[in-house]
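Listed here are the chains, written in short residue letters.
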Amino acid sequence: PQPIQLSDYKAPDFLIATTELDFDLAPETTRVTARLTITRNAAYLGANDAPLVLMGERLKLLSVTLDGQPVTDYTLTDETLTLASVPDSFTLETEVEINPLGNKTLEGLYMSSGRYCTQCEAEGFRKITYYLDRPDGLSKYRVRIEAPKAGFPHLLSNGNLLETGDLDGGKHYALWEDPFFKPCYLFALVAGELDVLEDSLTTMSGRKVELKIYVDTGMRDRSLYAMDALKRSMLWDEQVYGREYDLDLFMIVAVRDFNFGAMENKGLNVFNASLLLADPTTATDMDYERIESVIAHEYFHNWSGNRVTCRDWFQLCLKEGLTVFRDQGFSADQRGHAVARIKDVRALRARQFPEDSGPLAHPVRPSSYVKIDNFYTATIYEKGAEIVGMLKTFVGPATYRQALDHYFATNDGTAATLEDFLAAFEAVTGDDFSPWLQWYTQAGTPRLHVTSAYDANSKTLTLSFTQATAPTPGQPEKSALPIPIRFGLLTAEGEKQMFTRDGILAAESLFILRDASAELTLNDVKHAPVLSILRHFSAPVVLTVEEPTSHAFARFKGDSDPFNRWEAAQGLAKAIILSETPDEDLIDGFAQGLEASLLDEDLDHAFKALIMGLPTESDLAQSLSPIDPAFIHRNRKAFKTALSLRLYETVHGLYTSLTPAETFSPDADAAGTRALRNALLDLMLAGHNRGAENATSVNLAFRHFETASNMTDMVGGLVALMHVQDRPYKDALDIFYARFKHEPLVIDKWFALQAGCAHPDTLARVRTLSQHPDFDAKTPNRWRALVQSFANNQSAFHAPDGSGYDFLVDQVLEVDAFNPMTAARLVEPLSRYRVYAEPYRTNMKKALQTITLSPDLSKNVLELATKALA
Ligand code: B3K
Ligand code: ZN
């Protein structure tokens, strides 16, 4: 397939001012009539007599009329409808038939649990009707939906409800109008039997907005948290960004079958039920946290995405990076800045860093793609958010707000580019922001190296910074990027140390590295310093600092920047785990540092839970070359056991002191305490095989599971029991299944937990589970619960004989036959074969080749597998 190039962008030949859609819904024979008022783009008038080319896929065309006259001389392909010669201004009406029930791609109009719903981003609208399916075509929509009353009492679309009424034959209809111009990817329709939770909110200008969340019947109470999060998001966007909601109605619908998390359709967000429904007995704190952040994310898109949309899909991060940054800011305000930052960075490192250093590396604004669906990546989302964060750090919060106000004001109602975004910063500062554009156009994670020289006589400290970015596919040469480096100094004991920079006394400072290398001199540094560089993770880079290990211990002990305190612990743990032979002194030192943190009254529970979390196996893999998953697993486990044995008394004591609250609250404090209690239990159990307290801790874990009054603690108990395997673990799994067998979202967890278990039997277990009556590859949530969890399970997936890869390949090929978008997400785990040791490397490559050689591959899977092998 021919890639699409950014450099080929051309404004559309035609504009569609108004779009009227009539839906006559029937499961296998839905009729869609589209009446489009079309004009030739003024930019080309007189100079262009281009044909009208509309996109359409899997549509049965029934009729075409132009200004009321039947048209017969059109050309139809699998992907287009072309009218060779058309006037400069006309009305086109097409009628098509589609099959929502048979649509298992979950893109376009499809059915989920007997309900109709749509997913159009990026290019799904063309599966509904013939259209100029591109984000720079903004149009006003009027939508009429007709369906049987029985089974389909709710008929929803974007905007305002104008009219409803009964029709003959037990049918009814609803007429919707969206007053805002929008691209077709934001179109949505939902029809079916639903329960609705209603609420309202008065906006900052005093308008009352009705809020409605539609869920499966019987699930209304499980949407209360989402409603609460929605109201907090709406207020936050008013307070922090000055953004007000613009319609009188805001609706969210939860569906079970969905290819990803959620979708920001104008006034009618559609959510994967797993990111909306929650109550204490079925959702973990992590679920609550994700629901809160995704509700905010989709809501925030109303401005960053909908009011200002993207000119073309290459600009995807214009809406996604910015909206992720906005939702991260919201979550940080709700749950604590340090803890939120650590979690965001952990996710960035887990998903984006590997992508950025492998064969699928691409700039935040790519320059070409085959299937845009393949570019909804951690790079576009998370690295895109980091860039916005760096811009904010660079200009400061007040100027950032001015720049964003300017951006929204000047681009409202348009389809914009990243240049437009940076222009807003230029407009309010008068500076040149073109160096920042390179963060969007250059792939790869920069490495930042820092050395220092301290002169005790003159009390000066010279810091030397160097940056370098390794080549990525298609980009052999890399430029230096502007890197904001926030830093401070400590004493050898981990106390804060002041310094003077350019005559100003400071405890912390910001340095912008603009070139490949630079030096900075600080004065009045009284004591030999410990550096605390890249505080709050001020840039998405890999940092190395030349320093003795004792400096990392000093930061672990007392860095006033909580991010760097956590980071110091991560770095030390990494060094210990990746060394060939265990260094007992270092392990002792780490255990003491951890114990001190655990007993520190000033640290909150959520932070303590995080600092207990050892680097994950995939995190560790990034610091080992070539990657040997078995080595990593063995050493990490040994280190955890060593910590468990050393800290048993403290951990046990602290665990017992944390009594679970009587009533459940999903807020950050309560969740932090549960996180800590579960982390303590897990660490206790990690040493169970060798400790004298064996039976006690196993009993404790089982009781923790059995008496849990919420899902977080149940899962915490199960995870701890994984260290034990055998009876108590298997019993717990059976109890869990029996209790929740009628709760699909909880059974997803049951599949995921087993697939994520680091045990030699896991692959066999996963194969058996893939035959379980509850397993269904056609439901993406269930499929991902089993298959993605397994592919993320480093030690089980990377079986030396390649059997884990074989399982993945079979699954990807099976799902690719009906849902390419979802199948393609799981090519990535095989892609980085070159950095693995043998025999993994050869086996991963063979698995990729098996994929590329199979017949009838989708473009989605083919693009990624080919790039991985290139
Ligand atoms: N914009 C959607 C993602 C669409 C993915 C299409 N393959 C959700 C979001 O980022 O908010
Ligand atoms: Zn988004």
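Not measured: the values here are computed from a predicted model.

Draft legend 1. Local environment of the overall build of the protein chain. For the protein chain, the count of helices and strands is 27 helices and 34 strands. Rg of the C-alpha trace for the protein chain: 28 Å, near the compact-globule value of 29 Å for 870 residues, within the 12% margin. Its C-alpha atoms give the protein chain principal-axis dimensions of about 90 × 65 × 60 Å. Here the contacts in the protein chain between residues at least 6 apart in sequence split such that 70% fall between residues at least 24 apart.

Draft legend 2. Inspection of the site of ligand 1 at higher detail. Neighbouring ligand 1 are 13 residues; Glu121, Met263, Glu264, Asp373 and Tyr376 lie closest to it. For the shell around ligand 1, the secondary-structure elements that each account for two or more residues are strand 20 (262-263) and helix 2 (285-300). Per-class residue counts for the shell around ligand 1 are six nonpolar, two polar and five charged. Built from parts of two domains, the shell around ligand 1 gets at least three residues from each of domain 2 (196-302) and domain 3 (315-441).

Draft legend 3. Representation of the environment of Ala732 in the model. Assignment of secondary structure puts Ala732 in helix 18 (residues 726-740). Using a count of 23 C-beta atoms within 10 Å as the deciding quantity, one classes Ala732 as buried. With 700 residues separating them along the chain, Ala732 and Val32 place their C-alpha atoms 51 Å apart. Every residue in contact with Ala732, bar those within four places of it in the chain, is listed here: Phe702, Phe705, Gly717, Leu718 and Leu721.

Draft legend 4. Seen up close, the packing of helix 11 (residues 584-599) against helix 14 (residues 629-657). Helix 14 packs onto helix 11 with a crossing angle of 30 degrees between their chain directions and a minimal axis gap of 10 Å. In terms of their interaxial angle, helix 11 and helix 14 are classed as roughly parallel. Where helix 11 crosses over helix 14, the handedness of that crossing is right-handed. Only Phe639, Ala642, Leu643, Arg646, Leu647, Thr650 and Leu654 of helix 14 make contact with helix 11, whose side of the interface consists of Ile587, Ala591, Leu594, Glu595 and Leu598. Tallied by class, the residues present in the contact of helix 11 with helix 14 amount to nine nonpolar, one polar and two charged.

Draft legend 5. Structural context of the UniProt feature "domain: Aminopeptidase N-like N-terminal" (unreviewed entry) in the protein chain. Mapped onto the present numbering, the UniProt feature "domain: Aminopeptidase N-like N-terminal" (unreviewed entry) falls on residues 21-186. Helix makes up 0% of residues 21-186 and strand 54%. Its end C-alpha atoms lie 14 Å apart.

Draft legend 6. Quick peek at the domain arrangement of the protein chain. Entries for the protein chain in the domain assignment read domain 1 (14-193), domain 2 (196-302), domain 3 (315-441), domain 4 (447-547), domain 5 (572-724) and domain 6 (741-870). With centres defined by C-alpha atoms, the gap from domain 3 to domain 6 works out at 30 Å. At the interface, eight residues of domain 3 touch 12 residues of domain 6. Each residue belonging to the side of domain 3 that touches domain 6 can be placed in one class, and the counts come to four nonpolar, two polar and two charged.

Draft legend 7. Representation of the environment of Met612 in the model. Structurally, the position occupied by Met612 is in helix 12 (residues 605-612). The class of Met612 is buried, set by 20 C-beta atoms lying within 10 Å. Placed 41 residues apart in sequence, Met612 and Gly653 show a C-alpha to C-alpha distance of 15 Å.

Draft legend 8. Spatial organisation of the environment of Lys574. Along the chain, Lys574 turns up in helix 10 (residues 562-578). C-alpha separation for the pair Lys574 and Pro615, spaced 41 residues apart in sequence, amounts to 6.7 Å.

Draft legend 9. Quick look at the sheet that holds strand 34 (residues 542-545). Across the sheet, four strands lie side by side as 32-26-25-34; this open sheet has mixed pairing. Of all strands in the sheet, those bounded by a partner on one side alone are strand 32 (517-522) and strand 34. Going from strand to strand, the sheet's axes swing by 20 degrees on average, the running direction of each strand aside. Bridging between strand 26 (residues 460-468) and strand 32 involves six bridges; their strand directions are antiparallel. In the strand pairing of strand 32, Phe465 is matched with Ala518.

Draft legend 10. Up close: helix 27 (residues 859-869). Burial in helix 27 covers these residues: Asn860, Val861, Leu862, Glu863, Leu864, Ala865 and Ala868. Residues of helix 27 that are buried make contact with helix 23 (803-816), helix 24 (820-824), helix 25 (828-831) and helix 26 (840-853).

Draft legend 11. Summary view of the pairing of strand 21 (residues 268-272). Most of strand 21 is tucked away: five of the five residues are buried. Of the two faces of strand 21, the one lined by Leu268, Val270 and Asn272 and the one lined by Asn269 and Phe271 are each fully buried. The sheet contact formed by strand 19 (residues 249-255) and strand 21 spans five bridges and is parallel. Counterpart to Ala254 in the pairing with strand 21 is Phe271. As judged from the two bridges shared by strand 20 and strand 21, these two strands associate in the antiparallel manner. Residue pairing for strand 21: Met263 is matched across the bridge by Val270. Adjacent in sequence and paired antiparallel, strand 20 and strand 21 are bridged by four residues, among which Gly267 carries a positive phi angle near 70 degrees.

What counts as what
Residues numbered from 1 in each chain as written. Chains lettered and ligands numbered in written order. Predicted model: local features only at pLDDT ≥ 70, side-chain atom pairs only at ≥ 80, totals over all residues. Helix = DSSP H or I, 4+ residues; strand = E, 2+ residues; numbered from the N terminus. Rg over C-alpha atoms; globule rule 2.2 N^0.38 Å. Contact = placed C-beta atoms within 7 Å. Near = placed C-beta within 6 Å. Nonpolar A, V, L, I, M, F, W, Y, C, P; charged D, E, K, R; others polar. Domains from an automatic or database assignment. Buried ≥ 20, exposed ≤ 12 C-beta atoms within 10 Å, placed from the backbone. Axes fitted to C-alpha atoms, helices over the stretch in contact; angles between N-to-C directions. Parallel < 35°, antiparallel > 145°, perpendicular 65-115°, else oblique. Left-handed = near helix turned anticlockwise from the far one by under 90°. UniProt positions renumbered as here; feature names shortened; annotations may be inferred. Pairing = 2+ DSSP bridges.

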